[in-house]
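# Notes for the structure review
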Amino acid sequence: MDATALDQALAELRPTLLRVARLQLRNDAWAEDVVSETLIAALEGRERFSGQSQLKTWVVGILKHKIIDQFRRGGREVSVDEFSDETRDEVVDALFRADGHRVAPALDWGDPEATLSQQQFFQVLQACVDRLPATLGRVFMMREWLELDIAQICKELSIPATNCSVMMFRARMRLRECLEVNWLEPQASR
């Protein structure tokens, strides 16, 4: 890829990178910094991009490391507002009976391979992740996207492991509900 094409491709990726960084860091200045560091690293390391993966995959990999570096630098602020959001918890609790079973049966998710291959699915998934409460979204992304283990997440956010596990459960349940409403139901009506 020539320098002009790379510059243009990176410019097009910047909004996506910034959205992910803001979701994780919850600080616009830090998000701008890690995205800038990511783009500089991509430009300086363009000879290391072999083209075996998509450019986006390579740049997002760099971003993941820059976000983790920012976590390690410390000095970050963590909002605890989402921990006490009882009304949102009641929505998730309303999905289950007292015996722990779902009130309504889960919708058929169909063929997972076919679903994953559809770009629209990822757009809906990203919209669902963006709708998660800030702390749940952050914990989910740290675990599933940054691939941090529970102990690392607990250390970074100064939360107990049981709280982290509950938050992961709630995030997954909200994502499931969002995907059922915004992806599976429209697919079923086609």
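Notes on the structure follow. (Residues numbered from 1 in each chain as written. Predicted model: local features only at pLDDT ≥ 70, side-chain atom pairs only at ≥ 80, totals over all residues. Heavy atoms only, no water.)

## Looking at the state of the cysteines
- Summed over the entire model, instances satisfying the criterion amount to one disulfide.
- What pairs with C128 in a disulfide is C178, and their sulfur atoms sit 2.1 Å apart. In this structure the cystine formed by C128 and C178 twists about its S-S bond by roughly -80°; its chirality is therefore left-handed. Placement of C128 in helix α6 (residues 119-131) and of C178 in helix α9 (residues 161-188) is noted, with a sequence separation of 50 residues between them. There is no split in this pair, since C128 and C178 are both buried.
- Left without a disulfide partner, C154 is nearest to the cysteine sulfur of C164, which lies 4.2 Å away. (Disulfide = S-S within 2.5 Å. Helix = DSSP H or I, 4+ residues; strand = E, 2+ residues; numbered from the N terminus. Buried < 20%, exposed > 50% of the residue type's maximum accessible area, 1.4 Å probe, protein only.)

## Overview of helix α7 (residues 134-144)
- Of all the 11 residues making up α7, eight are buried; the element is thus mostly covered by neighbouring parts of the structure.
- The set of residues buried in α7 consists of T135, L136, G137, R138, V139, F140, M141 and M142.

## Concerning unusual backbone geometry
- Unlike most non-glycine residues, E147 shows phi in positive territory, near 60°.
- You can see E147 is positioned in the loop between α7 and α8 (150-157).
- Despite not being glycine, S158 shows a phi value in the positive range, around 55°.
- Mapped onto the secondary structure, S158 falls in the loop between α8 and α9.

## Describing the nonpolar core
- Formed by 53 residues in total, the largest nonpolar core has its most connected members in L17, L55, V59, L63, I67, F140 and W145.
- Secondary-structure elements contributing two or more residues to this core are α1 (3-25), α2 (28-44), α3 (55-73), α6, α7, α8 and α9.
- Among the elements that take part in this core, α1 stands out by supplying 10 residues, more than any other.
- Not counting the four nearest positions on each side in its chain, F140 is found in contact with V129, L132, W145, M168, A171, R172 and L175. (Core = buried A, V, L, I, M, F, W, Y, C linked by side-chain atoms within 4.5 Å. Contact = heavy atoms within 4.5 Å.)

## A few points about the packing of α2 against α3
- Taken N-terminus to C-terminus, the directions of α2 and α3 make an angle of 135°; their axes are 9 Å apart at the nearest point. Relative to α3, the element α2 is oriented oblique. In this structure, α2 crosses over α3, and the sense of that crossing is right-handed. Between α2 and α3, the contacting residues are W30, V34, V35, E37, T38, A41 and A42 on the first element and W58, V59, I62, L63, K66, I67, Q70 and R73 on the second.
- Residues belonging to the contact of α2 with α3 are distributed by class as follows: 10 nonpolar, two polar and three charged. (Axes fitted to C-alpha atoms, helices over the stretch in contact; angles between N-to-C directions. Parallel < 35°, antiparallel > 145°, perpendicular 65-115°, else oblique. Left-handed = near helix turned anticlockwise from the far one by under 90°. Nonpolar A, V, L, I, M, F, W, Y, C, P; charged D, E, K, R; others polar.)

## With respect to the layout of surface pockets
- In this model, the largest pocket occupies a volume close to 690 Å³.
- Along the walls of the largest pocket sit 23 residues, with V20, K56, F122, Q126 and W145 positioned nearest its centre.
- Elements with a contribution of two residues or more to the lining of the largest pocket: α1, α3, α6 and α7. (1 Å grid on protein atoms, 1.4 Å probe; cavity = no way out; pocket = protein on both sides within 12 Å on 5 of 7 lines; lining within 4 Å. Points joined across faces, edges and corners; volume = space filled by probe spheres on them.)

## So, the side chain of K64
- Here K64 shows up in helix α3.
- Every residue in contact with K64, bar those within four places of it in the chain, is listed here: W145, L146 and E147.

## Focus: the packing of aromatic side chains
- Across all of its chains, the model carries zero aromatic pairs by this definition.
- Against the face of W145 rests K64, its NZ or CZ located 5.6 Å from the ring centre. (Phe/Tyr/Trp six-rings, centres within 6.5 Å; stacked < 30°, edge-to-face > 60°. Lys NZ or Arg CZ within 6 Å of the ring centre and 35° of its normal.)

## Quick look at the pattern of salt bridges
- Applying the stated criterion across every chain, the model contains seven salt bridges.
- E144 serves as the salt-bridge partner of R172, at 2.5 Å between the closest nitrogen and oxygen. Here R172 is found in helix α9, whereas its partner E144 is found in helix α7, with 28 residues between them in sequence.
- Residue classification places R172 among the partly exposed positions, given a relative accessible area of 40%.
- For E144, a relative accessible area of 38% translates into the label partly exposed.
- Here E180 ties to R176 by a salt bridge, and the two come within 3.2 Å at their closest N and O atoms. Residue E180 and its partner R176 are both found in helix α9; the two are separated by four residues, about one turn of the helix.
- Accessibility expressed as a relative area gives 5% for E180, which makes it buried. (Salt bridge = Lys/Arg side-chain N within 4 Å of Asp/Glu carboxyl O.)

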